[in-house]
Amino acid sequence: MVAILAIGLAYAAVALAGAVQRDNAVDRMRTTSGPLTVSAQSLYRSLYDADATAAAAFLSGGTEPKELRDRYDNDIAAASAALADISGDPTANRSSINTLTANLPVYAGLVETARADNRAGLPVGAAYLREASALMHSTLLAAATSVNRAESDGMEADRAAGAGFPWLALPLGVALVVVLLATARLLTRRTNRVFNIGVTTAVLAVAISMIWMVASWGAATTHLNKARTDGSAQVKNLVTIRIAVLEARADESLTLVARGSDTEFEQDFQQVLTRILGKTNATGFLTSAQADATDPAVRKLISSVSTDLKGWQAAHKTLRQLDDAGDYPRAVQMATQERTGDTTPYFDRVDTNLARAIDLTSKHFTAQGAAAASAQGGEAAAVTVLIALALVAATIGVQRRIAEYR
Amino acid sequence: MKRLVVAVAAVSALALGGCGSTAAPVAGPVPVASMPQPKGVADPAKPSTAAGGADTSCDPYASLTPSTLPAPGSMPSGSTMAKIRQRGQLIVGVDQNTYLFGYRDPATGNIVGSDIDIAREVARAIFGDPDRVRWVAITAAQRIPDVQNGTVDMVVDTMTVNCDRLKQVRFSSIYYDAGQRVLVPVTSKAGGIEDLGGKKVCAAAGSTSIANIAAAKSKPIPVAVADWTDCLVMLQQNQVDAISTDDTILNGLQAQDPQTKLVGPAFTDEPYGIAIAKGNTDFVRFVNAVLQKIHSNGRWAEIYRTWLGPGGVPSPPRVTFEG
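Residues numbered from 1 in each chain as written. Chains lettered and ligands numbered in written order. Predicted model: local features only at pLDDT ≥ 70, side-chain atom pairs only at ≥ 80, totals over all residues. Heavy atoms only, no water.

Another point: the overall build of chain A. The number of helices and strands found in chain A is twelve helices and two strands. Going from the N terminus to the C terminus, chain A shows its helices and strands as α-α-α-α-α-α-α-β-β-α-α-α-α-α. Relative to the 2.2 N^0.38 estimate, which gives 22 Å for 406 residues, the radius of gyration of chain A is 31 Å and therefore markedly larger than a compact globule would have. Based on the C-alpha atoms only, the size of chain A along its principal axes is roughly 110 × 45 × 30 Å. Taking the intrachain contacts of chain A between residues at least 6 apart in sequence as the baseline, contacts between residues at least 24 apart amount to 80%. About 17800 Å² of surface is accessible on chain A, with carbon and sulfur atoms providing 61% of the total. (Helix = DSSP H or I, 4+ residues; strand = E, 2+ residues; numbered from the N terminus. Rg over C-alpha atoms; globule rule 2.2 N^0.38 Å. Contact = heavy atoms within 4.5 Å. Areas by Shrake-Rupley, 256 points an atom, 1.4 Å probe, with all protein chains shown as cover.)

Below is the structure:
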């Protein structure tokens, strides 16, 4: 009897603790580390976009176009909001957050100085913009990368913890069943009764609790895996593509801004587009994203991104030919205006469609996370009730037989 | 379930609370703002960028005798000018950061300035059209390599002719006389390069100015940057104490910031020439003929008045032709 109670209580404690732990991990993933990962991705993207937009606005000359100014302002607002979100996370990468918090206002200050000088017609504005851009790439984006990595690692850890198999609880459950069966056999031998209702009930209750645990684990794990394959893993790749597209956009502007014998930015543009679109014998980011996509709507968006990127590539070639042939003004027009065949409309469509694809994919992550939580939802309570029932039933059954026997 | 978790959490919180660990945020060390630097800054400048300039074995004012200027349609066949004409445009290395000499007008995005206008006169002589130019924006340090490897046909970029450079490229006759001075904030007490011992003084890498700063008797600390405007950024951010280079460039920087002033006399001679690759002697003679023409027809004085001297045009720099 003592053995039954001891193993029963141990089983109850371990099963309950495990269930609560998995439950909490899924909860954290849904309410904390998941959203923080989104914030970290948004932080990086907003910073990159701010820099690319500032370069494009500078290229337009004089008073910058309103759309570009709005875009820059929204980027800085989004980056600040994301930074505030992440700052609240006690597990975040502290030193990177400090770097970002200290330097984001410095960056914005440099860009504003550049703008004031540009409006006054002073070439020193371009130098302020170069300094701002150097700060962005050498300091801010590097820190945002490590914040990004820490947050997405945290989310993946929560997801894995949520899908953990109850290795400790199950053997204890099996042990409990074995002890109960041994007791039943002992009682049968001593009392000559085949069935002991109390002990039988206990065995059934423990068995059901184990089945429940495994079933709930199975269902939750399926959803958690789907949250990754249908959600977070795809989002991560799509965000990478979106940032690479921004890099290409910045390269295109900066080649024209630099106006030099320096071909570094143009080389980078070609490399980035090759990374995204792939070459004849190498798959690009888009091909893998297409293969990974589970939502037909996302697949469709990726195809249109691919088409627009190829259109951009062709338009960019024309732009470069114009610039190389000395027609700088028309090259700049192609990069800054929004007529059909200019590069900006292609970029805008690519960026918007990628944003949509990321949005759709994130919804799958959220939905699968919620499904995992509800699959696990009743587990802790059910297991507690079942084990309590088993212990009570076993106690009553054994006590009664012993009393009868006396 | 939630309630159970909350209950458990509450109990453990009570239990832990007894230990008296109030998790008040701990204030870290007071952070100190760090000022970002322009890309490519060398503070202090490496000795290699601050070498040379002392060689006096030659006459920087001497250049090749001008050719007779052919009409735009009839460049001698096989000549450098004929090749340029066939290409359809003159490729000129310029600066887009030197206010009034060669700079990008932020309002239009066009590169303008007095050096630009002189380059346009060369294009006019080849094509009959001053707009047939492709501008390549380069830094001071790129000027000699770009001329040598043929990236550009010529460099018109406030470029001082000196013996060291004459070993690497050819120069046209002198089209402008400048001298190195010092730009400081209006609040500065420094009256010239002699007062800047141990202070940071900025100039572009690969310029004669950075070498002159390093060679100054008062021993200032030279700080090298990519473009002249980077110096002004660093001065405005209190990262350097002064900028020292040709008065012409300093005037352009001073015009962008009324909180600065030029101090002290010119302590060097900086005669400007147009740099051309060593092999293209025919082009040097041609450019010298163009310069001679714009001196005689008043175009040079007009360019000077437009950009540099509402107060009066100096007499043109002296020229010596040999060979």
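Structure's up, so let's keep going.
Once that is clear, we can look at helix H10 (residues 299-307) of chain B. Residues and elements named next belong to chain B. Within H10 the residues assigned to the buried category are Arg299, Trp300, Ile303, Tyr304 and Trp307. Relative to the axis of H10, the buried residues are bounded by an arc of 140° and lie together on one face. At its buried positions, H10 is contacted by strand E4 (102-104), strand E5 (111-112), helix H3 (114-127), strand E9 (176-178) and helix H9 (281-296). (Buried < 20%, exposed > 50% of the residue type's maximum accessible area, 1.4 Å probe, protein only. Arc of directions from axis to C-beta.)

Residues and elements named next belong to chain B. In terms of strand pairing, strand E10 (residues 180-185) meets strand E13 (residues 242-246) through four bridges, oriented antiparallel. From the neighbouring strand, Arg181 faces E13, where its bridge partner is Thr245. Summarising the sheet, E10 and strand E14 (residues 260-263) pair through four bridges and their orientation is antiparallel. In the strand pairing of E14, Leu183 is matched with Leu262. (Pairing = 2+ DSSP bridges.)

Here the focus is the sheet that holds strand E8 (residues 170-171) of chain B. Residues and elements named next belong to chain B. Pairing within the open sheet is mixed, and its five strands lie in the order E6-E2-E7-E16-E8. Taken across any chain shown, the strands that pair with only one partner, and hence form the sheet edges, are strand E6 (133-137) and E8. Direction of pairing for strand E7 (residues 154-155) relative to strand E16 (residues 275-276): antiparallel, over a ladder of two bridges. Residue pairing across strands places Met154 opposite Ile276, the latter belonging to E16.

Residue and element names in this part refer to chain B. Counted under the stated rule, the structure contains two disulfides over all chains. Paired by a disulfide, Cys58 and Cys163 hold their sulfur atoms 2.0 Å apart. One disulfide, between Cys58 and Cys163, carries an S-S torsion of -100° and so falls in the left-handed class. Linking Cys58 in the loop between helix H1 (2-17) and strand E1 (62-63) with Cys163 in helix H5 (residues 163-166), this pair joins segments that are 105 residues apart in sequence. What makes Cys58 partly exposed here is its relative accessible area of 28%. The disulfide partner of Cys202 is Cys231, and the S-S distance across this bridge is 2.1 Å. (Disulfide = S-S within 2.5 Å.)

This part is about helix H7 (residues 228-236) of chain B. Residues and elements named next belong to chain B. Within H7, eight of the nine residues are buried, which leaves it mostly tucked inside the rest of the structure. Taken together, the buried positions of H7 are Trp228, Thr229, Asp230, Cys231, Leu232, Val233, Met234 and Leu235. Remark: Asn238 follows H7 within two positions and exhibits a positive phi of approximately 60°.

Another point: the environment of Gly109(B). Within the element layout of this structure, Gly109(B) appears in the loop between E4 and E5. Spatially, the C-alpha atom of Gly109(B) lies 22 Å from that of Cys231(B), the residues being 122 residues apart in sequence. If near-sequence neighbours (up to four positions away) are discounted, Gly109(B) is found in contact with Arg259(A), Tyr328(A) and Arg104(B).

All right, on to the interface of chain B and chain A then. Listed as interface residues are 37 residues of chain B and, on the opposing side, 38 residues of chain A. Of the roughly 2800 Å² buried between chain B and chain A on both sides combined, carbon and sulfur atoms contribute 51%. At the junction of chain B and chain A, the tally comes to two salt bridges. A salt bridge links Arg130(A) to Asp227(B); the nearest nitrogen and oxygen atoms lie 3.4 Å apart. On the surface where chain B and chain A come into contact, there are eight residue pairs in polar contact (both at pLDDT 80 or more). Of all the elements in the fold, those that place two or more residues in the side of chain B that touches chain A are H1, E4, E6 and H7 of chain B. When residues in the side of chain B that touches chain A are grouped by element, the largest group, five residues, is from H7(B). When the residues that make up the side of chain B that touches chain A are grouped by side-chain class, the tally is 16 nonpolar, 14 polar and seven charged. (Buried area = accessible area lost by both parts, 1.4 Å probe. Salt bridge = Lys/Arg side-chain N within 4 Å of Asp/Glu carboxyl O. Polar contact = N/O pair within 3.5 Å; in protein donor to acceptor, adjacent residues only side chain to side chain. Nonpolar A, V, L, I, M, F, W, Y, C, P; charged D, E, K, R; others polar.)

All names here are of chain A. Following both chains from N to C, one finds helix H1 (residues 2-59) and helix H5 (residues 169-191) inclined at 155°, their axes separated by 9 Å at the closest point. Taken together, the axes of H1 and H5 are roughly antiparallel relative to one another. Crossing geometry of H1 relative to H5 is assigned as left-handed. In this structure, H1 uses Ala3, Ile4, Ile7, Gly8, Ala10, Tyr11, Val14 and Ala15 to contact H5, whose residues at the interface are Ala169, Leu172, Gly173, Ala175, Leu176, Val179, Leu180 and Thr183. Of the residues in the contact of H1 with H5, the class split is 13 nonpolar, three polar and no charged. (Axes fitted to C-alpha atoms, helices over the stretch in contact; angles between N-to-C directions. Parallel < 35°, antiparallel > 145°, perpendicular 65-115°, else oblique. Left-handed = near helix turned anticlockwise from the far one by under 90°.)

What follows deals with the side chain of Ser209(A). Residue and element names in this part refer to chain A. Here Ser209 shows up in helix H6 (residues 197-258). Side-chain polar atoms of Ser209 contact the side chain of Tyr11, separated by 2.7 Å. Not counting residues within four places of it along the chain, the set of residues in contact with Ser209 comprises Tyr11, Val383, Leu386 and Ile387.

Residues and elements named next belong to chain B. All told, the structure shown has 14 aromatic pairs over all chains when counted by the stated rule. Here the aromatic rings of Tyr176 and Tyr304 are separated by 5.8 Å at their centres, their planes lie at 15°, and the arrangement is stacked. Within this pair, whereas Tyr176 is found in strand E9, its partner Tyr304 is found in helix H10, the two being separated by 128 residues in sequence. When sorted by exposure, Tyr176 lands in the same class as Tyr304, which is buried. Judged by centre distance (5.7 Å) and plane angle (40°), the ring pair of Trp300 and Tyr304 falls under tilted. One end of the pair, Trp300, and the other, Tyr304, are both in helix H10, four residues apart, so they sit about a helical turn from each other. (Phe/Tyr/Trp six-rings, centres within 6.5 Å; stacked < 30°, edge-to-face > 60°.)

Our focus in this paragraph is the nonpolar core. Counting 152 residues, the largest nonpolar core has Leu47(A), Tyr107(A), Leu90(B), Met154(B) and Phe283(B) as the members making the most contacts within it. Counting residues per element, this core draws most heavily on helix H4 (residues 124-162) of chain A, which supplies 13 residues. Discounting residues that sit within four places of it in the chain, Leu47(A) has contacts with Ala79(A), Leu100(A), Leu104(A), Met136(A), Leu140(A), Leu141(A) and Ala144(A). The next biggest cluster of nonpolar side chains, apart from the first, holds 25 residues, and it includes Ile4(A), Ala169(A), Val177(A) and Val199(A). (Core = buried A, V, L, I, M, F, W, Y, C linked by side-chain atoms within 4.5 Å.)

This paragraph deals with the sheet that holds E10(B). Residues and elements named next belong to chain B. The strand order across the open sheet built from five strands is E12-E11-E13-E10-E14, with neighbouring strands paired in mixed fashion. Two strands close off the open sheet at either side, each with one partner strand: strand E12 (221-225) and E14. Ignoring which end each strand starts from, the neighbouring axes of this sheet average 35° apart. Note that strand E11 (residues 200-204) and E12 share five bridges and pair parallel. Paired with Ala204 across the bridge in E12 is Val225.

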